[in-house]
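# Working through the structure, step by step
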Amino acid sequence: MLPAYLSNPFAAVFGGGKPIDWGKTYKDGRRILGDGKTYRGLFSGIFCGFIAGCIEIWLSSRGFEVMGIKMPAFGPDYKSSLIIVLALASGALFGDMFKSFFKRRMGLKRGASLPLVDQLDFVVGAWVFTYLVAPEWFVSNFTHGIMLTVIIITPLLHLATNIIGYFIGVKKEPW
Ligand code: CTP
Ligand code: K
Ligand code: MG
């Protein structure tokens with residue numbers, strides 16, 4: 001999940017410049033996506049998430065140790081692993097973009113919050129893209145366990161990060 005988790009914050013760090021919708025409005029007179037979705041954010045986010053995934057593939061191919069626990073070498077199928085990593089990173093940002101389209105149709109301005117949807121958009125996007133390239137990944141009970149954990153933990157992580165952001169003064173609201 002790391003490529004999906006990292007593509008969003010990296011899009012926020014490196015984003016800016018030309019918006020993906022070129023500043024155009026939809027039939028309803030509102031922006032198609034809004035200024036919060038830019039080409040630079042999209043490509044830098046996908047790139048950083050992809051690099052994170054490549055490091056994971058590299059680590060898992062040689063085996064590594066975390067806090068004294070030895071992880072065995074996986075000997076992964078590199079080609080399919082790279083495609084999955086790319087699907088996770090890009091799916092996350094496309095899911096986020098898809099959500100912005102609907103937020104604008106609902107009349108919500110850029111940055112306005114849509115609870116739970118704002119926190120799970122990228123997770124759903126990442127899984128939809130992964131399903132398209134590797135449906136076999138979704139049949140195992142192990143994967144279902146990971147998915148349930150991610151759905152429960154992600155909104156909590158999001159809230160915790162925002163509370164920290166509020167106390168260190170980089171966020172106006174603690175949510
Ligand atoms: N960002 C970007 N390009 C993307 C995604 C994000 O440039 N494809 C940057 C923007 O600067 C954006 C910030 O990351 O403001 C935070 O992303 P997000 O919370 O998804 O955007 P919002 O500004 O909240 O816009 P929206 O209401 O459309 O979700
Ligand atoms: K987001
Ligand atoms: Mg936002």
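Cut-off values and rules
Residues numbered from 1 in each chain as written. Chains lettered and ligands numbered in written order. Predicted model: local features only at pLDDT ≥ 70, side-chain atom pairs only at ≥ 80, totals over all residues. Heavy atoms only, no water. UniProt positions renumbered as here; feature names shortened; annotations may be inferred. 1 Å grid on protein atoms, 1.4 Å probe; cavity = no way out; pocket = protein on both sides within 12 Å on 5 of 7 lines; lining within 4 Å. Points joined across faces, edges and corners; volume = space filled by probe spheres on them. Helix = DSSP H or I, 4+ residues; strand = E, 2+ residues; numbered from the N terminus. Nonpolar A, V, L, I, M, F, W, Y, C, P; charged D, E, K, R; others polar. Domains from an automatic or database assignment. Buried < 20%, exposed > 50% of the residue type's maximum accessible area, 1.4 Å probe, protein only. Near = heavy atom within 4 Å. Polar contact = N/O pair within 3.5 Å; in protein donor to acceptor, adjacent residues only side chain to side chain. Areas by Shrake-Rupley, 256 points an atom, 1.4 Å probe, with all protein chains shown as cover. Sits in = over half its atoms within 2 Å of the grid points. Core = buried A, V, L, I, M, F, W, Y, C linked by side-chain atoms within 4.5 Å. Contact = heavy atoms within 4.5 Å. Expected span 1.5 Å × (residues − 1). Axes fitted to C-alpha atoms, helices over the stretch in contact; angles between N-to-C directions. Left-handed = near helix turned anticlockwise from the far one by under 90°.

- An unreviewed UniProt entry lists the chain under the name CDP-archaeol synthase, with Methanosarcina vacuolata Z-761 given as the organism.
- Listed under Subcellular location (unreviewed entry) in UniProt, the entry text for the chain is "Cell membrane".

## Overview of the layout of surface pockets
- Within this model, the largest pocket holds a volume of roughly 1600 Å³.
- What lines the largest pocket is a set of 47 residues, among which Asn-8, Ala-12, Lys-99, His-158 and Asn-162 lie closest to the centre.
- Looking at the lining of the largest pocket element by element, the count peaks at 8 residues for helix α5 (residues 141–167).
- A per-class count over the lining of the largest pocket returns 18 nonpolar, 17 polar and 12 charged.
- Taken together, domain 1 (2–134) and domain 2 (140–175) each give at least three residues to the lining of the largest pocket, which thus spans both.

## A few points about the environment of Leu-6
- Tracing the chain through its elements places Leu-6 in helix α1 (residues 2–14).
- Judged by its relative accessible area of 26%, Leu-6 falls in the partly exposed class.
- Remark: the alpha-carbon pair of Leu-6 and Gly-23, spanning 17 residues in sequence, is separated by 26 Å.

## As for the site of ligand 1
- Residues in contact with ligand 1 amount to 17 residues; listed here are only the nearest, Lys-37, Thr-38, Ser-100, Arg-104 and Gly-111.
- Arg-110 has a polar side-chain atom sitting 2.8 Å from an oxygen atom of ligand 1.
- Take Gly-111: an N or O atom from its main chain is 2.7 Å from an oxygen atom of ligand 1.
- Protein contact buries 82% of the 570 Å² of open area that ligand 1 shows by itself.
- Given that more than half its atoms are within 2 Å of the pocket grid, ligand 1 belongs to the largest pocket.
- Looking at the shell around ligand 1, the elements that each hand over two or more residues are α1, α2 (39–62) and α3 (78–105).
- Element by element, the count of residues in the shell around ligand 1 is highest for α3, at 5 residues.

## A closer look at the nonpolar core
- Ranked by size, the top nonpolar core spans 13 residues in total, and within it Ala-4, Ala-92, Phe-122, Val-123, Ala-126 and Trp-127 carry the most contacts.
- In terms of residue count, helix α4 (residues 117–133) provides more of this core than any other element does, 5 residues in total.
- Contact partners of Trp-127, with chain neighbours within four places excluded, come to Met-1, Phe-138, Met-147, Val-150 and Ile-151.
- Counting residues in hydrophobic clusters, the runner-up holds 8 residues, among them Leu-42, Ile-46, Leu-93 and Phe-101.

## Thoughts on α4
- Between its first and last C-alpha atoms α4 spans 24 Å; for 17 residues at 1.5 Å apiece the expected length is 24 Å, and the two agree.
- Of all the positions in α4, only Asp-118, Gln-119, Leu-120, Asp-121, Phe-122, Val-123, Gly-125, Ala-126, Trp-127 and Thr-130 are classed as buried.

## A look at the UniProt feature "transmembrane region" (unreviewed entry) in the chain
- Feature annotation in UniProt assigns "transmembrane region" (unreviewed entry) to the following positions: residues 41–61, 81–102, 114–134 and 146–169.
- Note that residues 81–102 is 100% helix and 0% strand, and that its end C-alpha atoms are spaced 31 Å apart.
- The distance from the first to the last C-alpha atom of residues 146–169 is 33 Å, and the span holds 92% helix and 0% strand.

## Remarks on α3
- A rise of 1.5 Å per residue sets the reference length of α3, with its 28 residues, at 40 Å; its end C-alpha atoms lie 41 Å apart and thus fit the reference within 8%.
- A positive backbone phi angle near 85° is found at Gly-107, which sits one or two residues after α3.

## Comments concerning the packing of α4 against α5
- The interhelical angle for the contact between α4 and α5, taken along N-to-C directions, is 145°, at an axis separation of 9 Å. Crossing geometry of α4 relative to α5 is assigned as right-handed. Within the contact between the two elements, α4 uses Asp-118, Gln-119, Leu-120, Phe-122, Val-123 and Trp-127 and α5 uses Met-147, Val-150, Ile-151, Thr-154, Pro-155 and His-158.
- Of the residues contributing to the contact of α4 with α5, the split by class is 8 nonpolar, 3 polar and 1 charged.

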